[in-house]
Amino acid sequence: MPCSLCVFFFLSFLCLSTITLAGDPFAFFDWTVSYISVSPLGVKQQVIGINGQFPGPILNVTTNWNVVVNVKNELDEPLLLTWEGLQQRKNSWQDGVSGTNCPIPAGWNWTYEFQVKDQIGSFFYFPSLHFQRAAGGYGGIIINNRDVIPLPFGTPDGDFTICMSDWYIKNHKELRKDIEKGIELGVPDGILFNGQGPYRYNEALVSDGIAYHMITVDPGKTYRIRVHNVGISTSLNFRIQNHNLLLVETEGSYTVQQNFTNMDIHVGQSYSFLVTMDQNGSRDYYMVASPRFVNSSSDWTKATGVAILHYSNSLGPASGPLPDPPNEYDAFFSMNQARSIRWNVSAGAARPNPQGSFRYGQITVTDVYVVLNRPPELIDGKYRTTLNGISYFAPSTPLKLAQQFNIPGIYKLDFPNRLMDRPAKIDTSIINGTYRGFMEIILQNNDTTVQSYHLDGYAFFVVGMDYGVWTENSRGTYNKWDGVARCTTQVFPGAWTAILVSLDNVGIWNLRAENLNSWYLGQEVYISVVNPEITDKTELALPDNTIYCGVLSSLQNNQAHRVKFSKAPYKANPSRKAVVVLLMIFFVILL
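Residues numbered from 1 in each chain as written. Predicted model: local features only at pLDDT ≥ 70, side-chain atom pairs only at ≥ 80, totals over all residues. Heavy atoms only, no water.

Draft legend 1. Examining the pairing of strand β20 (residues 367–379) more closely. Taken together, the six bridges between β20 and strand β25 (residues 438–444) define a ladder with parallel strand orientation. Within the sheet, the bridge partner assigned to Y369 lies in β25 and is I441. Sheet analysis places β20 next to strand β21 (residues 382–387), joined by five bridges and oriented antiparallel. Each bridged residue has a counterpart across the sheet, and for R374 the counterpart in β21 is T386. (Pairing = 2+ DSSP bridges. Helix = DSSP H or I, 4+ residues; strand = E, 2+ residues; numbered from the N terminus.)

Following this line, the structure appears as structure tokens:
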């Protein structure tokens, strides 16, 4: 065959194969999790970094990409990373919490592999065990729209991620020992912006020499700023001096666009704002994160995070007083702000159909759980927190593995749908969810502080919240049309929040307090969602690289933890590799 003809067939096959075999791309990441030394508040301390960074690298991917994260644990204790807000469709094996995964032992590495199926938006990851989030190990997640799905706003001129957190100079091991003894966390030593301490806005309150965070912008341009509260237990109010915050998205849902001068962001929550640089560039401007709903008898003045918004044509430093926070004595300000956040029902998100095509208000509720929390109390001589009188005990064998191998006695499907008239107890009791059911969960906060609650595996609809005790009549106040769909919601002290969730994602999913002190002491439960018809169409198979522990320890492959780092490029597509092999064979045949 003439060489020119060979080339013609080769190129024709290349084009055809690229079109027909191209699938969802793969993104590969190699992460080493280790202790590093930094001085965010001017005092050298040990924090958890990823690839030497604190916070860790941003996981920046696009809807439907397959994500492969190889994690090497160089800490001195077991580790799991969880992906806050990523729904892990059909794949709770990758959720990274104690009920789904055996921890990665010190010195081992393990590879997460999941697809960000039908999701967009702003999320974050963090270590889920042993109070480790108090030492860092967190970072932002961005899931971009596919090109075929337009943004419901103009393309921003830039994109910034901010991880803000309350911070203590005590290390996470000391903090968790205090919590176990019933010692309160107390006032944090500071508030960090992306792992850095406050700008020296007040010489009496802020020491000299502290590195601070700065964002550089151009006048007249509009930027997307994604803000996450990745902290331990403190609600934070975020604001930028003389600039409006146009809310456009929260935790994967586009919102009705509205301007705010400040936003209360509670522990575990994520918001995405458009900010237009419409001010005089003669100076810089303050970005502030200050505590909310705190004990007024303590001195919280030092616990204010300050970063800098720097105009590229700025002629001087930020000046003047910090922008004012909301009135601390207005109990309804934050609740009314939260109620005002609505779902943009006309916007497309991960799919072409608009978000509002899911008419949640017309679906019949199949299960109702009224979940009541209580502050720490002594149970069997230990300080514990509870939901419906049960403090969760994490067994050495993860729930998901016990379910997979039909191991009896690890957990019970008997979590009560209301608080029972009995003493509080420590137990492994989980919720038996109905596959494709529609569950109503009312979170009632009997604590004296704001508590945030997160559900893995799903986005739920926040349909109502109010002060007082929830009753059947409270349903009359529900928003049944455009309540925002998100994964973390706040519950104010002495108040309730109601959520609705469609149980269409098979797996075992964690419902937990995001406030680390409450979570660490037992304020969590799992929801089991099982398809009675066993099929890989609704749940993926047990991963080949599963780590085994507890009663299944004997199944552990000694080689499983010795897998080398992938050394793969950032973005690759296995179907393209198949194409190359086929082309080589085809070309050889032609010759």
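Draft legend 2. Focus on the packing of aromatic side chains. Enumeration according to the criterion identifies 31 aromatic pairs in this entry. Consider the rings of Y360 and F461, whose centres lie 4.3 Å apart with planes at 15 degrees: the pair is stacked. Taken together, the positions of Y360 in the loop between α3 (333–339) and β20 and F461 in strand β27 (residues 460–467) put the pair 101 residues apart, joining distant regions of the chain. Classification of F461 by relative accessible area gives buried; the value is 6%. Feature note: the residues F29, W31, W83, W110, Y112, F114 and Y125 constitute an aromatic cluster, connected by ring pairs. Over the ring of W519 we find R512, and its NZ or CZ is 4.7 Å from the ring centre. (Phe/Tyr/Trp six-rings, centres within 6.5 Å; stacked < 30°, edge-to-face > 60°. Buried < 20%, exposed > 50% of the residue type's maximum accessible area, 1.4 Å probe, protein only. Lys NZ or Arg CZ within 6 Å of the ring centre and 35° of its normal.)

Draft legend 3. Spotlight on the state of the cysteines. Following the criterion strictly, the structure yields one disulfide and no others. Disulfide pairing is shown between C102 and C549; the S-S distance is 2.0 Å. Residues C102 and C549 are joined by a disulfide whose S-S torsion is about -85 degrees; by sign, that bridge is left-handed. Of this pair, C102 sits in the loop between β5 (81–84) and β6 (109–115) while C549 sits in the loop between β32 (524–530) and β33 (571–572), and the two are 447 residues apart along the sequence. Accessibility classification places C102 together with C549 in one group, the buried group. Lacking any disulfide linkage, C163 is separated from the closest cysteine sulfur, that of C487, by 14 Å. (Disulfide = S-S within 2.5 Å.)

Draft legend 4. Geometry of the sheet that holds strand β7 (residues 121–127). Strand order in the open sheet formed by four strands is β3-β8-β7-β5, with mixed pairing between adjacent strands. The two strands at the open ends of the sheet, each matched to only one other strand, are β3 (59–62) and β5. Strand after strand, the sheet turns through a mean of 20 degrees between neighbouring axes, direction not considered. (Axes fitted to C-alpha atoms, helices over the stretch in contact; angles between N-to-C directions.)

Draft legend 5. The confidence of the model for the protein chain, seen in detail. When pLDDT is averaged along the protein chain, the result is 91, and 90% of the positions lie at 70 or above. Across residues 559–591, where pLDDT falls below 50, the model places 58 contacts with residues more than four positions away in sequence or in other chains. (pLDDT = per-residue confidence, 0-100. Contact = heavy atoms within 4.5 Å.)

Draft legend 6. Structural context of helix α2 (residues 172–180). By the burial criterion, the buried members of α2 are H172, L175, R176, D178 and I179. Buried residues of α2, seen end-on, are gathered within an arc of 155 degrees and therefore sit on one face of the element. Close packing links the buried residues of α2 with β1 (26–38), β21 and α5 (516–520). At the N-terminal boundary of α2, the capping side chain belongs to N171, with an oxygen 3.0 Å from the backbone nitrogen of K173. Just beyond α2, the residue with positive phi is G182, at close to 85 degrees. (Arc of directions from axis to C-beta. Polar contact = N/O pair within 3.5 Å; in protein donor to acceptor, adjacent residues only side chain to side chain.)

Draft legend 7. Quick look at the pattern of salt bridges. Per the stated rule, a full pass over the model turns up 27 salt bridges. One salt bridge in this structure joins D159 and R226, with 2.8 Å as the shortest N-O distance. Here R226 lies in strand β12 (residues 222–229) and D159 lies in strand β9 (residues 158–167), a separation of 67 residues in the sequence. In this structure, the salt-bridge partner of E440 is R475, at a minimum N-O distance of 2.9 Å. Residue E440 is found in strand β25, and its partner R475 is found in the loop between β27 and β28 (485–486); the two are separated by 35 residues along the sequence. When its relative accessible area of 25% is taken as the criterion, R475 is described as partly exposed. Each of E84, R133, D456, R512 and E514 takes part in one network of salt bridges that share partners. (Salt bridge = Lys/Arg side-chain N within 4 Å of Asp/Glu carboxyl O.)

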